[in-house]
Amino acid sequence: MAGQQFQYDDSGNTFFYFLTSFVGLIVIPATYYFWPRDQNAEQLRLKSLRRVHGRCLWYRLRLMKSQQSIIPTLKKAGLLFGWLVFILLAYKVSKLDREYQEYNPYEVLNLDPDASLSEIKKRYHVLSLKYHPDRRGDEATFMRIAKAYAALTNEQSRSNWINYGNPDGPGATSFGIALPAWIVDQKNSMLVLLVYGLAFMVILPVVVGTWWYRSIRYSGDQILINTTQLFMHFMYKTPNMNMKRLTMVLTAAFEFDPRSNKEATIRPTDNIVVPQLIRELGNINVKKKEPPFCYPYSLKARVLVLAHLARMDVSEELEEDQRFVTRKSPALLQEMINVGCQLTMMANSRGGFHAPRLVTIENCMKLTQMIVQGLQESKSPLLQLPHFEEEHLRFCISKKYKVRTLQDLVSLRDSDRRSMLRFLGEEKYDEVMAVLGSLPHINMDTKLQVLDDEDSNNITAGSIVTVTVTLTRKRMVEVFENEQESSPCPGEEAGNAEEAQGDANKAKTKVWQNKNKGAKKTAKSKKKKLTKKKATPAPTKAKQANGNVAGNEVAAGASAAAPKEEEDDASDRGSESDDGEANKDSGSDREEDSDKQSDKQSDTEADEMAGDDEEEWEALQQSIQRRERALLETKSKVTHPVYSLYFPEEKQEWWWLYIADRRDQTLVSMPYHVCTLKDTEEVELKFPAPSKTGNYQYSVILRSDSYMGLDLIKPLKLEVHEAKAILDHPQWDIPDTEDEDEEPEESDGIEDSEEEDEDND
């Protein structure tokens, strides 16, 4: 059995193969992930947003960052250096000689493969005289010549060469290690051991431990676990939070504590600057001693948030800290909403404590809007627009215009809007209209059904109700352009008003002059309605099902036949029997006609039912396919950039969609965070129907997490019926006769066993 040999690379050739592969495995993926994207495309994108978002804080910061940052240049330089090393190594490997060469005895003897035995012997004789050691030749060369001669003349050596590639037979398997031999040299042993120990016993454990201890401190949304526990504690303790209390809980997050987050800082000048802001802001519960609201980091964060909402100017030292706090706040408020939903589900399933009220969760959503726009809750939504100040609002809320919301401003005519905003110049007015036109306008359609049920429109107690909400986003400019096209001019309105008055006067004169005609018309219309009602076959079928139509027909026939019978009696008394037979025949004909009509109606209704079933089945299959595609498809969360004058980071338009019972102030379905609404989005909200029958009034609510005054509330009426009784399946119906047949068999078996026992005794 052949042995094995392990040998290091003395020449260093195979080490270059290993090194080239190692560098390639690093450089190629790093180039794909870390190569800076086309900065020209980013510049073009920013340029396209300049007309609308040019005054936003995040836009100005992005421009400054792109101009001052040298990180893309450093990335490119590092990656290019890696590619240069890789190319040099590949070139070095291509120039290396192959160490392994196939053994060929003909090449050793300098013969052609077709040489005869005499030629081989003659060539060997010549070479042996030249390289024999006794004649001062090279011993190694002579051994190679002798080995080649034996391989060509000796049958055993020749078979070994043909089978194993070696005249001596199978040799030891050789494994080359692609490391240079100096690594295992005794002189370098201490240095190699030191490098190995430093790499695998110090650096690797430190890196893995740092990553692990950092990752376990954060949740999946990169929120500190301690912050989540803090939110859960205070929402459990205070189910009904007002905006003031909510701001205190938000700013107590451990993300703002320098001991938990290195990005947060406490400056020595905070002891001077923060008290000045507190005096300017007024009452912010500074004297409250409840931890952690009384801690310095929480107080500083609360002051910075309130100053941001009041749009107050802060010093350059605090400006960076304020941007950090406002940048972190939307994610923290989203975590607070998630905590509120978890507590609500726990309260609904287990009970034992009060779930957070609806107003608490909605205040979290409103506070997110306020922080993104830098506005207080009591301020007008019009202040989200550029060049709008507090003193300008008096022009909008005047008795002439009564503009209080963005929708009111959109619904105005161009002339009235320009007259109202006369305090703005032409450039500023154009900028305001560009921003107003870019704001979102959402259309919300709802569909209520019970999936996977025979009657999807019938909601029974305890069933799972699915509300399919279709959201369609348009820009405000499309809305007021359509309204302006549909709205008539002032002259046309006056003409239409005069025409309407003239038509009304004509109608009045006609009514006063022609009372009898109107009465006759109403009488005729009533008669037509009655005839139509008699002609409709649907109620006759229903009456037949209830067993009342036969009596009605008999009564009608009797009332119609009474005068005829009197006339017949007066004319001829002897024809009563003939009239009776004729009436019997006519009754049988009527019954046959009614049977035929009922058969036709049943056939048409069966066809309609089959068509409805097919439509429902197709709709169900389409909804299932749509859900499967939604699960497999990964949509981008980049929707539309938010216009925010004071938010330090680019934010995308996202929404919250949920169903609530505003009378009881409770959540019916958990809020769904819609992060992919670019043009159209379909969302399914599911919730269990109430356990009691009756009519319920809910609300489907859509709230923006970025804009104030763009929320939508749509009523949702729910009529809950009793659940159907569960029918026993026939396979579980066991007849009594089988039980009776089995019982005597068992008793017979027992008696037989007793008799056998007696016999054994």
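Residues numbered from 1 in each chain as written. Predicted model: local features only at pLDDT ≥ 70, side-chain atom pairs only at ≥ 80, totals over all residues. Heavy atoms only, no water.

The protein chain appears in an unreviewed UniProt entry as Translocation protein SEC63 homolog from Neogobius melanostomus. UniProt lists a comment for the protein chain under the heading Subunit (unreviewed entry), and it reads "The ER translocon complex consists of channel-forming core components SEC61A1, SEC61B and SEC61G and different auxiliary components such as SEC62 and SEC63." A UniProt comment under Subcellular location (unreviewed entry) is attached to the protein chain, and it reads "Endoplasmic reticulum membrane". (UniProt positions renumbered as here; feature names shortened; annotations may be inferred.)

On to the UniProt feature "transmembrane region" (unreviewed entry) in the protein chain. Per the UniProt record, the feature "transmembrane region" (unreviewed entry) sits at residues 15-35, 70-91 and 190-213. Span residues 70-91 is 95% helix and 0% strand, its end C-alpha atoms 32 Å apart. Structurally, residues 190-213 comprises 100% helix and 0% strand, and the distance from its first C-alpha atom to its last is 33 Å. (Helix = DSSP H or I, 4+ residues; strand = E, 2+ residues; numbered from the N terminus.)

Right, let's talk about empty space enclosed by the protein for a bit. Evaluated as defined, the whole model comprises one cavity of 30 Å³ or more. Of the voids in this model, the largest cavity is the one considered here, and its volume is about 30 Å³. Taken together, Gln373, Gln384, Leu385, Leu406, Val435, Leu439, Tyr643 and Tyr707 make up the full set of residues lining the largest cavity. Taken together, the residues of the lining of the largest cavity break down into six nonpolar, two polar and no charged. (1 Å grid on protein atoms, 1.4 Å probe; cavity = no way out; pocket = protein on both sides within 12 Å on 5 of 7 lines; lining within 4 Å. Points joined across faces, edges and corners; volume = space filled by probe spheres on them. Nonpolar A, V, L, I, M, F, W, Y, C, P; charged D, E, K, R; others polar.)

A word on the environment of Leu710. With respect to the helices and strands, Leu710 occurs in the loop between β10 (694-704) and β11 (712-721). Look at Leu710 and you get buried, because its relative accessible area is 6%. Along the sequence, Leu710 and Pro440 sit 270 residues apart, while their C-alpha atoms lie 8.0 Å from each other. Not counting the four nearest positions on each side in its chain, Leu710 is found in contact with Leu406, Gln407, Pro440, Met476 and Trp655. (Buried < 20%, exposed > 50% of the residue type's maximum accessible area, 1.4 Å probe, protein only. Contact = heavy atoms within 4.5 Å.)

To continue, consider the pairing of strand β5 (residues 464-475). Of the strand pairs in this sheet, strand β3 (residues 440-449) and β5 are connected by ten bridges, and their pairing is antiparallel. Across the sheet, Pro440 pairs through a bridge with Arg475, a residue of β5. Here nine bridges tie β5 to strand β9 (residues 680-688), and the two strands are oriented antiparallel to one another. Bridging from a neighbouring strand, Leu471 pairs with Glu681 of β9. (Pairing = 2+ DSSP bridges.)

Running from N to C, helix α10 (residues 225-237) and helix α14 (residues 316-349) cross one another at 55 degrees; their axes reach a closest spacing of 9 Å. With respect to each other, α10 and α14 are oriented oblique. At the point where α10 passes α14, the crossing takes the right-handed sense. Judged by residue contacts, Thr227, Thr228, Phe231, Met232, Met235 and Tyr236 of α10 engage Leu332, Glu335, Met336, Val339, Gly340, Gln342 and Leu343 from α14. In terms of residue class, the contact of α10 with α14 is made up of eight nonpolar, four polar and one charged. (Axes fitted to C-alpha atoms, helices over the stretch in contact; angles between N-to-C directions. Parallel < 35°, antiparallel > 145°, perpendicular 65-115°, else oblique. Left-handed = near helix turned anticlockwise from the far one by under 90°.)

Moving on, we get to the packing of aromatic side chains. Summed over the entire model, instances satisfying the criterion amount to 14 aromatic pairs. With centroids separated by 5.1 Å and ring planes inclined at 90 degrees, the aromatic side chains of Tyr32 and Tyr33 adopt a geometry described as edge-to-face. Each member of the pair Tyr32 and Tyr33 is classed as exposed. Taking the centre distance of 6.0 Å and the plane angle of 20 degrees together, the rings of Tyr196 and Phe200 count as stacked. With a gap of four residues between them, Tyr196 and Phe200 both fall in helix α9 (residues 189-215), about one helical turn apart. Take Phe200: its relative accessible area is 54%, and that puts it in the exposed class. An aromatic cluster of three or more residues is present, and its members are Phe388, Phe395 and Phe423. The positively charged end of Lys92 is found above the aromatic ring belonging to Phe16, 5.5 Å away from the centroid. Positioned over the ring face of Tyr429 is Arg418, at 4.4 Å from the centre of the ring. (Phe/Tyr/Trp six-rings, centres within 6.5 Å; stacked < 30°, edge-to-face > 60°. Lys NZ or Arg CZ within 6 Å of the ring centre and 35° of its normal.)

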